[in-house]
Structure formats: structure tokens, C-alpha cells
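# Secondary and tertiary structure notes
Here is how the chains run, residue by residue.
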Amino acid sequence: MKFQFNKTYFLFAFLLLVTEAFIAIYFKTGFIRHTFGDYLCVILLYCFFKSFIKGLHVTISLIVLAIAFCIEFLQLTNYLELFDLNNNDVAKLFLGSTFEVTDLVAYSLGIISVLILEKKLKYKSKLLLK
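Okay, so let's go over this structure.

## Some remarks on the overall build of the protein
- Check the secondary structure of the protein and you find 6 helices and 2 strands.
- Counting only C-alpha atoms, the protein reaches 55 × 30 × 25 Å along its principal axes.
- For the protein, the computed accessible surface area is about 9100 Å², with 72% contributed by carbon and sulfur atoms.
- Charge separation in the protein, taken as the distance between the mean sites of 13 positive and 9 negative side-chain charges, equals 23 Å.

Take a look at the structure:
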């Protein structure tokens, strides 16, 4: 792995961030807010890391998935209260406050989607180089 800026991944990360903000503002409940937002969240994190790190897609994907799972499992504890963030709406929005197994599924599906897309893009770029 090495540090190298990639404007394409950065643009995707920015667009996903805007999409996530739109979801947070306009969808207060339901599938789009709770499940699709989590699905997009790991894709956003992946694109953000890929904006600055040139490395194996699988490695970066697993790191992002591990971060998402750690944050989700932290929600089984009272970590927001421990850090005096239980009244902080921004912290609750980014870190969550309740553990949900469906969030773990959404994170996993997001990373699987990233890996499939990266594989397809790599295959197409090989075809173009021939």
C-alpha cells in the first residue's frame, strides 16, 4: 500500500457523502434511512480510503468492513455515555446508538458490491488494454 491521491474515488466519496446527508435530512425512518444508508456508508468509507491509498481492493474492503463492524458492536455498550456523547446528535448520526444485526448485513452487502464492481472494472480495463 502506498499513499496516492485518486480524484475519481474522491469524487465518488463526495457524491456518496452528499447522498448520505440527503438521506439523513429527508428520510427519518424506514428502509432507505436504516438499511440503504448503512449499505452506502461502507461504500463511502471505501471510496474515501481509496482516494488516498493505492492498495489491494480486498485489503481496503476488509479494513472498512472491520471498522463498520467494530462501531456496530460498540453500540452494544454504553460508549456514547462513556464519552459524554449521548446528547450529541452528530455523534449519534455518525456512530449510531443501537445495535442491529441488519446493519451488519447491510455493511457486508455494501462491501460485496464494492468487490464485485472492482473486479468488473479491473476485467474491463484489461480488455481495453489488449
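## Remarks on helix α2 (residues 31-52)
- A rise of 1.5 Å per residue sets the reference length of α2, with its 22 residues, at 32 Å; its end C-alpha atoms lie 31 Å apart and thus fit the reference within 8%.
- Along α2, the largest kink reaches about 35° and is centred on Gly37.
- Here α2 has its buried residues at Gly37, Asp38, Leu40, Val42, Ile43, Leu44, Tyr46, Cys47, Lys50 and Ser51.

## Observations concerning the layout of surface pockets
- Its volume calculated, the largest pocket comes out at about 920 Å³.
- As for the largest pocket, its lining consists of 31 residues, of which Asp38, Cys41, Leu93, Phe94 and Leu95 are closest to the centre.
- Of all the secondary-structure elements, those providing two or more residues to the lining of the largest pocket are α1 (7-26), α2, α3 (57-74), α5 (89-95) and α6 (101-129).
- Looking at the second largest pocket, it is lined by 15 residues, and the ones nearest its centre are Tyr9, Phe12, Leu117, Glu118 and Leu121.
- Looking at the lining of the second largest pocket residue by residue, the class counts come to 9 nonpolar, 4 polar and 2 charged.

Cut-offs used in this document
Residues numbered from 1 in each chain as written. Predicted model: local features only at pLDDT ≥ 70, side-chain atom pairs only at ≥ 80, totals over all residues. Heavy atoms only, no water. Helix = DSSP H or I, 4+ residues; strand = E, 2+ residues; numbered from the N terminus. Areas by Shrake-Rupley, 256 points an atom, 1.4 Å probe, with all protein chains shown as cover. Lys, Arg positive; Asp, Glu negative; His and termini not counted. Charge placed at Lys NZ, Arg CZ, Asp CG, Glu CD. Expected span 1.5 Å × (residues − 1). Bend = angle between axes of the 7 residues up to and from the residue. Buried < 20%, exposed > 50% of the residue type's maximum accessible area, 1.4 Å probe, protein only. 1 Å grid on protein atoms, 1.4 Å probe; cavity = no way out; pocket = protein on both sides within 12 Å on 5 of 7 lines; lining within 4 Å. Points joined across faces, edges and corners; volume = space filled by probe spheres on them. Nonpolar A, V, L, I, M, F, W, Y, C, P; charged D, E, K, R; others polar.

Bear in mind that shape data such as this cannot, by itself, settle questions of function.
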